[in-house]
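Commentary on secondary and tertiary structure
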Amino acid sequence: MNRVISVILVVAASLFLSACKDSYTDELKVESNGIELADGTLINLAGQDAYNEQCASCHALDGNGTSAGSSLVGCATCGDIAELTSVIERTMPIGNVGKCSGTCASDTAEYIFYAFNVQNIEETEITLQQITTEPAEVTLRRASLQLSGALPSNTASIAVATSEEEALSAAIDGILSTDAFYDILAEMFNKKFLTNKYLAEVKRGAAIYGLALDDYPNRENFRNYNNSTMRNCYYDTVNDSLAKEPLELVKYLARNNLPITELVTADYTMVNWYSQQIYEAELLEGGEFEVLDEAVCAGGEEAVYYDPNDFRPARITKDLAYESGGIQHAGVLTTPWFLIRYPTTPTNVNRHRARIVFDYFLDTDIMAINGGNRSDSAGIGVGEVPTMTDSECTVCHNIMDPVASLFQNWTEVGRYIKANRNFRNVWDAESILPPGFSGENFPDFDPEQLPPSGMLQWLGSKLVDDPRYARAMVRIIYEGIFGQALLPSPNDSSTQEEKDAFNVQRAWVNELASTLVSSNWSIKSVVKSIMMSSQYRAEEVNLENEVLKRAIGASQLLSPEQLQRKLKSVVGFKWGDLNSVDNRVMYGGINSDDVTEELKTPSGIVAAMQQRLAVEMACTATSYDFALPSGDRKLFPGLEYSQLPFDDSGIELTENVSAIKDAIVRLYWIFFGERLARDSDEINVAYSLYLDILNGYQSSDPGEGLKCRATRYLDSNGAITSDTLAYPLVADETYNIHAWTAMMVYLLSDSRFYYE
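Residues numbered from 1 in each chain as written. Predicted model: local features only at pLDDT ≥ 70, side-chain atom pairs only at ≥ 80, totals over all residues. Heavy atoms only, no water.

A cluster of like negative charges, contributed by Asp428, Glu430, Asp446 and Glu448, occupies part of the molecular surface. Mapped onto the secondary structure, aspartate 446 falls in the loop between β8 (440–441) and α18 (455–465). (Patch = residues over 30% accessible without salt bridge, like charges linked within 9 Å, V, L, I, M, F, W, Y side chains within 5 Å. Areas by Shrake-Rupley, 256 points an atom, 1.4 Å probe, with all protein chains shown as cover. Salt bridge = Lys/Arg side-chain N within 4 Å of Asp/Glu carboxyl O. Lys, Arg positive; Asp, Glu negative; His and termini not counted. Charge placed at Lys NZ, Arg CZ, Asp CG, Glu CD. Helix = DSSP H or I, 4+ residues; strand = E, 2+ residues; numbered from the N terminus.)

The next subject is the pairing of strand β10 (residues 710–714). The sheet contact formed by β10 and strand β11 (residues 720–729) spans 3 bridges and is antiparallel. The residue of β11 that forms the bridge with alanine 710 is leucine 729. Hairpin connection between β10 and β11: a loop of 5 residues separates the two successive antiparallel strands, and glycine 718 in this loop has a positive phi of roughly 85°. (Pairing = 2+ DSSP bridges.)

The volume enclosed by the second largest pocket comes to roughly 1400 Å³. In terms of lining, the second largest pocket is formed by 43 residues, of which the most central are Asp183, Glu187, Asn196, Leu199 and Lys244. Listing elements by their share of the lining of the second largest pocket, those giving two or more residues are α9 (179–193), α10 (228–243), α11 (245–255), α24 (560–570) and α25 (581–586). Among the elements that make up the lining of the second largest pocket, the one with the highest residue count is α9 (8 residues). Grouping the amino acids of the lining of the second largest pocket by side-chain chemistry returns 14 nonpolar, 12 polar and 17 charged. (1 Å grid on protein atoms, 1.4 Å probe; cavity = no way out; pocket = protein on both sides within 12 Å on 5 of 7 lines; lining within 4 Å. Points joined across faces, edges and corners; volume = space filled by probe spheres on them. Nonpolar A, V, L, I, M, F, W, Y, C, P; charged D, E, K, R; others polar.)

Before going further, it helps to examine α18. Of the positions making up α18, those classed as buried are Met455, Leu456, Trp458, Leu459, Gly460, Leu463 and Val464. Looking at the buried residues of α18, the elements they touch are α12 (262–265), α15 (351–362), α17 (391–406), β7 (436–437), β8 and α19 (467–482). (Buried < 20%, exposed > 50% of the residue type's maximum accessible area, 1.4 Å probe, protein only. Contact = heavy atoms within 4.5 Å.)

The next point concerns the nonpolar core. Counting residues in hydrophobic clusters, the biggest one holds 126 residues, and the most contacted among them are Phe189, Leu263, Phe361 and Met473. Examining the composition of this core, we find that 10 residues originate from one element, α19, more than from any other. In this structure phenylalanine 361 touches Phe193, Leu263, Val264, Val332, Leu333, Phe338, Ile356, Leu463, Arg468, Tyr469, Ala472 and Met473, once residues within four positions along its chain are discounted. Counting residues in each nonpolar core, the second largest holds 58 residues, with Leu613, Leu628, Trp669 and Tyr754 among its members. (Core = buried A, V, L, I, M, F, W, Y, C linked by side-chain atoms within 4.5 Å.)

What is expected of a backbone is that most residues other than glycine have negative phi and most peptide bonds are trans. Here alanine 60, not a glycine, exhibits a phi torsion of approximately 75°, which is positive. Structurally, the position occupied by alanine 60 is in the loop between α3 (56–59) and α4 (81–91). The class for alanine 60 is buried, based on a relative accessible area of 11%. Positive phi outside glycine occurs at tryptophan 521, with the angle close to 65°.

We now examine the pattern of salt bridges. For the coordinates displayed, the defined rule picks out 40 salt bridges. The partner of arginine 141 in a salt bridge is glutamate 756, with the nearest N and O atoms 2.9 Å apart. Here the residue arginine 141 occupies a position in helix α6 (residues 136–148), and glutamate 756 occupies one in the segment after α29 (736–748), the gap between them amounting to 615 residues. In this structure glutamate 756 comes out as buried when scored by relative accessible area, which is 17%. Residues aspartate 173 and lysine 528 are paired through a salt bridge, measuring 3.0 Å at the closest nitrogen-oxygen approach. Remark: lysine 528 occurs in helix α21 (residues 523–531) and aspartate 173 occurs in helix α8 (residues 165–175); sequence separation between them is 355 residues.

A few words now on the environment of alanine 212. On the secondary structure map, alanine 212 appears in the loop between α9 and α10. The class of alanine 212 is buried, set by a relative accessible area of 14%. Alanine 212 has contacts with Arg219 and Arg415, leaving out every residue within four places of it along the chain.

Under the definition given, this model contains 3 disulfides. The partner cysteine of cysteine 100 in its disulfide is cysteine 104, sulfur to sulfur 2.0 Å. Judged by the sign of its S-S torsion, about -105°, the bond between cysteine 100 and cysteine 104 is left-handed. For cysteine 104, a relative accessible area of 21% gives the class partly exposed. Here cysteine 619 engages in a disulfide with cysteine 708; their sulfurs sit 1.7 Å apart. Between cysteine 619 and cysteine 708, the S-S dihedral sits near 110°, and the bridge is therefore right-handed. Here the residue cysteine 619 occupies a position in helix α26 (residues 604–627), and cysteine 708 occupies one in the loop between α28 (681–700) and β10, the gap between them amounting to 89 residues. Overall, cysteine 619 belongs to the buried group, its relative accessible area being 18%. (Disulfide = S-S within 2.5 Å.)

What follows covers the confidence of the model for the protein. Mean pLDDT for the protein: 89, with 90% of residues reaching 70 or above. In this model residues 1–34 is a low-confidence stretch, pLDDT under 50, and it forms 80 contacts with partners more than four residues away in sequence or in other chains. (pLDDT = per-residue confidence, 0-100.)

A word on the side chain of threonine 108. Along the chain, the position of threonine 108 falls in helix α5 (residues 103–129). Under the relative-accessibility criterion, threonine 108 is labelled buried at 0%. Side-chain polar atoms of threonine 108 contact the backbone oxygen of cysteine 104, separated by 2.7 Å. Those residues in contact with threonine 108, other than ones at most four positions away along the chain, are Gly47, Ala50, Tyr51, Cys55, Ile88 and Cys100. (Polar contact = N/O pair within 3.5 Å; in protein donor to acceptor, adjacent residues only side chain to side chain.)

Glancing now at α28. Over its 20 residues, α28 runs 28 Å from end to end, which matches the ideal 28 Å to within 8%, given 1.5 Å per residue. Looking only at α28, the buried set comprises Ile683, Ala686, Tyr687, Tyr690 and Leu694. Within α28, the buried residues cover an arc of 100° as seen down the axis, which keeps them to one side. Turned more than 90 degrees away from the buried face of α28 sit Asp681, Asp692 and Ser699, all of them exposed. In this structure, the buried residues of α28 make contact with α27 (654–672) and α29. In the stretch just after α28, aspartate 701 is the one whose phi turns positive, near 40°. (Expected span 1.5 Å × (residues − 1). Arc of directions from axis to C-beta.)

To describe a pair of aromatic rings, one takes the distance between the centres and the angle between the planes. Overall, the coordinates contain 36 aromatic pairs when judged by the stated rule. An angle of 80° between the planes, with centres 6.1 Å apart, marks the rings of phenylalanine 573 and tyrosine 624 as edge-to-face. Of the two residues, phenylalanine 573 sits in the loop between α24 and α25 while tyrosine 624 sits in helix α26, which places them 51 residues apart along the sequence. Given a relative accessible area of 2%, phenylalanine 573 falls into the buried group. (Phe/Tyr/Trp six-rings, centres within 6.5 Å; stacked < 30°, edge-to-face > 60°.)

In structure tokens form, the structure reads like this:
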């Protein structure tokens with residue numbers, strides 16, 4: 001698919017552009033057929049010249065972007081000339097903001113709009129027409145499992161079967177209001193933030209001892225308890241209460257329909273009763289924390305009943321060891337767990353933190369800029385401070401270092417101590433650019449004076465005003481739902497197919513970003529838009545572009561957490577082996593510490609674990625489900641294990657055969673999301689397997705007892721409780737339980753179970 005720009009631009013093959021400089025001397029040979037091309041596309045020649053001089057080194061001559069700059073084809077601000085003009089004047093070119101203003105900005109905006117974006121909407125619509133979407137009830141099942149970890153209710157399923165799209169929209173609204181969704185949303189954000197590294201199951205005590213004792217003297221209040229069981233439980237509960245602080249902010253914003261901009265601008269943080277005791281924080285709205293009927297921790301005569309899930313907004317206003325008045329909060333930016341998770345050193349001077357800010361909140365990879373990583377040329381540079389004087393260094397550092405300087409009041413270990421207050425936070429203002437963002441300096445900063453407060457609050461306000469912030473939030477949700485990264489920005493070696501695929505996807509991402517902004521920054525609006533989209537619901541894609549084809553549709557290998565939720569919903573309980581973080585890592589999950597990328601394709605170990613899961617879960621779940629009252633069953637409601645397909649004389653019982661096949665049909669639906677007819681080939685194959693195994697056992701009568709007896713209730717983790725089942729199942733004289741167990745192994749061994 002050739003774009004108009006490729007027709008009108010003739011560039012010398014030997015042309016070399018260094019990235020992100022506000023000007024360069026290479027003369028770009030450009031020819032134009034005039035102001036208006038044959039197809040009606042308008043070309044503003046003055047804007048074209050300005051673009052080639054000041055923009056093309058980052059965004060490429062064809063607008064498809066480079067490693068140093070994003071694509072302008074279908075960009076978030078490229079659909080309106082006035083808005084794009086404003087963005088250029090306020091933020092471009094990077095490193096020399098304001099160089100292109102007034103007529104220069106409007107001409108450039110007009111050129112970008114017509115040269116790179118006129119055709120994009122059309123192309124996206126054509127792409128959508130080539131996607132066949134799945135039925136609404138299939139989407140409802142997948143969305144419900146993915147966003148709430150549960151199969152949809154019968155009420156929702158019936159409604160969707162009747163009115164489809166309207167009912168699906170209403171059902172998704174309901175899903176997005178569940179506590180389970182907020183937990184899963186936090187899980188999506190943790191895949192980016194990785195602050196769950198400090199949970200007790202990963203690093204016991206890491207959060208407690210991440211705080212300075214002289215800032216928070218109550219840090220070790222777990223020592224107030226004498227009973228070791230009580231003390232250990234309280235220790236872990238406090239630790240996790242602290243570690244969850246950033247992700248609880250995500251949940252709070254979503255639950256209360258607050259703008260996701262507060263992720264970096266909130267003038268408060270989140271505490272529960274346990275972390276409030278450590279921080280001595282003041283609740284914004286007062287009140288008392290919820291007290292549970294059962295103890296959270298208990299041992300001997302000691303117990304605590306406060307709900308660890310009851311998080312509320314609060315401020316830390318107490319005097320710290322070296323600063324009075326507490327902390328000026330800026331959402332996650334000022335939480336200890338964000339600052340400690342992304343530490344710095346005396347030589348790095350917060351550049352690591354700045355890089356993370358650009359990546360997580362502006363969808364910009366600073367290290368992708370040409371010259372962005374000079375680690376292989378240490379010691380090479382022009383001037384006494386190369387990061388400020390060497391043009392090969394300033395390409396990156398002029399962007400990154402002002403943001404790094406905004407973190408100067410936060411120490412290497414995340415303590416709030418103003419720069420140069422004492423030896424614990426030494427800052428050399430002469431070796432790094434002053435604090436600022438996108439060409440704008442932080443107001444009233446004097447390097448000769450103690451730095452002012454509120455620099456990260458100011459940064460947060462600038463981040464959310466940048467159009468890239470919305471795209472960064474969409475990226476987190478997109479990757480959390482689809483389980484794959486967005487397509488990379490094209491570069492000089494990209495094929496036309498890769499460029500076209502990126503452009504179509506980027507147009508949709510920007511549409512989602514616009515939805516986010518127009519909904520008052522409701523993160524739920526993005527989630528719902530994805531769930532209702534053709535891209536998520538794709539059943540068949542008739543595209544020649546294989547790159548784009550692979551990027552459409554949401555089928556993915558379930559993470560350990562997703563698999564556990566599916567098992568709990570479909571079977572009734574989780575697999576015990578995946579309850580430990582080490583085993584989840586072995587299965588391909590992350591621990592947010594030294595393993596931060598999920599496995600996308602199953603390894604040999606994963607395949608072996610799946611087979612073990614199939615055998616163990618089938619054995620336990622089959623007998624347990626049949627032992628429950630019919631109305632409480634997950635697998636076999638309405639079917640009794642005494643129902644055989646034939647009588648004692650071997651004569652087929654038609655009604656029983658139909659009931660057995662209907663049970664298999666239901667299993668295919670809840671396991672795989674496939675609606676199959678009772679007499680379909682696949683159901684007949686499965687029924688034949690069941691029948692062969694049943695006949696085999698009955699003809700040989702090996703005298704095997706029931707290996708997985710069901711005598712007591714199981715909890716949601718699959719652990720045996722002390723509560724006895726009313727109708728325990730301890731024998732299988734007809735071998736029907738054996739046959740159904742084999743059927744369950746067959747289904748749980750199918751790869752379709754592990755993908756959604």
